[in-house]
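# Structure assessment
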Amino acid sequence: MTATDVFIGLGSNQADPSAQLAGAVARLAALSETELVAQSPFYRSKPVGPQDQPDFVNGAAWLRTELSALELLDQLQAIEQAHGRERIQHWGPRTLDLDLLLYGNETIASERLTVPHAELANRDFVLQPLLDLEPGLALPDGRTIAQLRQQCPDNNLQKLNPVERAPFPPG
Ligand code: ROI
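Here's a quick rundown of the structure. A quick note: this is a predicted structure, and the numbers were derived from the prediction, not measured.

## What to know about the pattern of salt bridges
In total, this model carries 6 salt bridges according to the counting rule given. With a closest N to O distance of 3.0 Å, Arg143 and Asp141 form a salt bridge. For Asp154, the salt bridge goes to Arg149, with nearest N and O atoms at 3.5 Å. Accessibility expressed as a relative area gives 17% for Arg149, which makes it buried.

## Quick word on unusual backbone geometry
Between Val115 and the following residue, Pro116, the backbone shows a cis peptide bond with an omega angle of 0 degrees. Mapped onto the elements, Pro116 comes out in the loop between strand S7 (114-115) and helix H3 (124-133). In this structure, Glu33 takes a positive phi of about 55 degrees despite not being glycine. In this model, Asn156 sits at a positive phi of 60 degrees, which is unusual for a non-glycine residue. Note on placement: Asn156 falls in the loop between helix H4 (145-151) and strand S8 (158-159).

## Description of the pairing of strand S1 (residues 4-12)
Most of S1 sits out of view: 8 of its 9 residues are buried. The pairing of S1 with strand S4 (residues 56-65) spans 9 bridges and is classified as antiparallel. When the bridges of S4 are listed, Asp5 appears paired with Arg64. Examined bridge by bridge, S1 and strand S5 (residues 97-103) share 6 bridges and lie antiparallel to one another. Opposite Val6, over in S5, you have Tyr103 as the bridge partner.

## Observations concerning the site of the ligand
Residues in close proximity to the ligand include Ser45, Lys46, Pro47, Val48, Phe56, Asn58, Trp91, Gly92, Arg94, Asp97, Arg123 and Phe125, which together make up its full environment. In the model, a nitrogen atom of the ligand is placed 2.7 Å from a nitrogen or oxygen of the Ser45 side chain. Contacts to the ligand include Val48, whose backbone N or O atom sits 2.8 Å from a nitrogen atom. Considering the ligand on its own, with 350 Å² of exposed area, one finds that the protein chains cover 96% of that surface. Among the residues forming the shell around the ligand, the class breakdown is 5 nonpolar, 3 polar and 4 charged.

## What about helix H1 (residues 17-29)?
In a regular helix each residue adds 1.5 Å, so 13 residues correspond to 18 Å; H1 covers 18 Å between its end C-alpha atoms and thus fits that length. Pro17, Ser18, Ala19, Gln20, Leu21, Gly23, Ala24, Val25 and Leu28 are the residues of H1 that are buried. Residues of H1 that are buried in the fold lie against S1, strand S2 (34-39), S4, helix H2 (69-82) and S5.

Thresholds applied
Residues numbered from 1 in each chain as written. Predicted model: local features only at pLDDT ≥ 70, side-chain atom pairs only at ≥ 80, totals over all residues. Heavy atoms only, no water. Salt bridge = Lys/Arg side-chain N within 4 Å of Asp/Glu carboxyl O. Buried < 20%, exposed > 50% of the residue type's maximum accessible area, 1.4 Å probe, protein only. Helix = DSSP H or I, 4+ residues; strand = E, 2+ residues; numbered from the N terminus. Pairing = 2+ DSSP bridges. Near = heavy atom within 4 Å. Polar contact = N/O pair within 3.5 Å; in protein donor to acceptor, adjacent residues only side chain to side chain. Areas by Shrake-Rupley, 256 points an atom, 1.4 Å probe, with all protein chains shown as cover. Nonpolar A, V, L, I, M, F, W, Y, C, P; charged D, E, K, R; others polar. Expected span 1.5 Å × (residues − 1). Contact = heavy atoms within 4.5 Å.

Read these as spatial facts, not as claims about activity.
Listed below in structure tokens is the structure:
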């Protein structure tokens, strides 16, 4: 089976967000039939949605996987659960959010999964890390991430220094 390049968005605003993201990247790298190609820098971002919650830390990971999109989604949800994610409030605080942003050049519209991610084009905290990973990246419809980033409302992204990211033991 051939491997597919996929891009995962990572976000957290609870319980040491940078460590949550670093731990999630380690778990992604350890998935079966999957290789971590690269991880983006992390960014601090103002919350989209309710403002009475802490700032987020956001980033993205580039994987190459032989898992199907739904198999990968299962794995992402398992990692979210392992990080104590609870869905309490819609658009509220979260310990770890893993979004399947792009799965190769596929467009997927099913009950469980929409790819490319529905909000991708509107969120600088998603587009900027993708741009860092692969400046030439484009959506299945041909729009480039670079074009979308220019058209996207600015949410005051602040690139975090790598030393601000504490290591996090996987497992
Ligand atoms: N806002 C920011 N800045 N980053 C996120 O990852 C994020 N995730 C969400 C909501 C609550 C919509 N807002 C966010 O799910």
